[in-house]
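For reference, the chains in residue letters:
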Amino acid sequence: MLGTIIGDIVGSRFEWDNHKSKNFDLFTSDCSPTDDSVMSLAVAKALLASKEDWSHLSENAVKYMQEIGRDYPNCGYGGNFFYWILSDNPQPYASYGNGAAMRISAVGFVADSIEQAKYLSQAVTQVSHNHPEGIKGAEAVAVAIFLARKGYGLFEIRDSYTFDVTCPGSVPQAFQAFFESTSFEDAVRNAISIGGDSDTIAAICGGLAEAYYGLSDEIRQEALSFLDNCLLEIVVEFENTYPK
């Protein structure tokens, strides 16, 4: 899951100032975690709170996305989702935006099977992004992370993924950046070089790349330095509960 956060942090300074090259410093003082990181950690917290039988996962997803999201009001939410976070009665709003896919990586690291990855992904996603294409986009990312984590090869993962899923401006691009990579760092650099919604594309790609390649201690420690204590505690709890 930390790979998602790394991709988000690295991509944060390029979201509105795209860099169409793989030549750049990964971390600078201009980098910061955005909504991709905050919501990914909220989903991770929901999974941790629901791990006995998953029956309350959707309920906990709403709870923690709202609670944690309200603590970080200026991290870049879309307008509809920001309203959802603040609502006293949050309801799904038929979104198929990339928010469904950028926050889902923890599911891929928790799931014990493809079927469970799909089930958990839908439970988390349907509370806001209940459009069929939003659900499919999140599912594709969760299943691919599960496969990468279990040691499937790039061609096997590619075969399991179809490019007709929506979250159209981010999910296919993130997968392609991963498929063309040679390492975790190379995958993130590929994702940034595409342009577009750089933090989200790199976040999705980073989750895939972490599951497949792992992370170096150097990149890991540098990324963790960008998280405050509240976010860092979730990372530590998640990694202790679901060790690699």
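Everything quoted here is computed from the prediction, not taken from an experiment.

Within the protein chain, the secondary structure is distributed over 14 helices and zero strands. For the protein chain, the α and β elements follow one another from N to C terminus as α-α-α-α-α-α-α-α-α-α-α-α-α-α. For the protein chain, the C-alpha radius of gyration of 16 Å lies close to 18 Å, the compact-globule estimate for 244 residues. In terms of overall dimensions, the protein chain has C-alpha extents of about 45 × 40 × 35 Å along its principal axes. Within the protein chain, the fraction of its 244 residues that count as buried is 56%. Partitioning the intrachain contacts of the protein chain with sequence separation of at least 6 by distance along the chain shows that 72% fall at a separation of at least 24. For the protein chain, the accessible area works out to roughly 10300 Å², and carbon and sulfur atoms hold 47% of it. If the 16 positive side-chain charges of the protein chain are averaged to one point and the 33 negative ones to another, these points end up 3 Å apart.

Bringing helix 7 (residues 114-125) into the picture now. When the terminal C-alpha atoms of helix 7 are compared, their 16 Å separation across twelve residues agrees well with the 16 Å that a helix rising 1.5 Å per residue should span. Within helix 7 the residues assigned to the buried category are Gln116, Ala117, Leu120, Ser121, Ala123, Val124 and Thr125. Tucked inside the fold, the buried residues of helix 7 contact helix 2 (35-50), helix 3 (57-71), helix 5 (99-102), helix 6 (105-110) and helix 8 (132-149).

Definitions and limits used
- Residues numbered from 1 in each chain as written.
- Predicted model: local features only at pLDDT ≥ 70, side-chain atom pairs only at ≥ 80, totals over all residues.
- Heavy atoms only, no water.
- Helix = DSSP H or I, 4+ residues; strand = E, 2+ residues; numbered from the N terminus.
- Rg over C-alpha atoms; globule rule 2.2 N^0.38 Å.
- Buried < 20%, exposed > 50% of the residue type's maximum accessible area, 1.4 Å probe, protein only.
- Contact = heavy atoms within 4.5 Å.
- Areas by Shrake-Rupley, 256 points an atom, 1.4 Å probe, with all protein chains shown as cover.
- Lys, Arg positive; Asp, Glu negative; His and termini not counted.
- Charge placed at Lys NZ, Arg CZ, Asp CG, Glu CD.
- Expected span 1.5 Å × (residues − 1).

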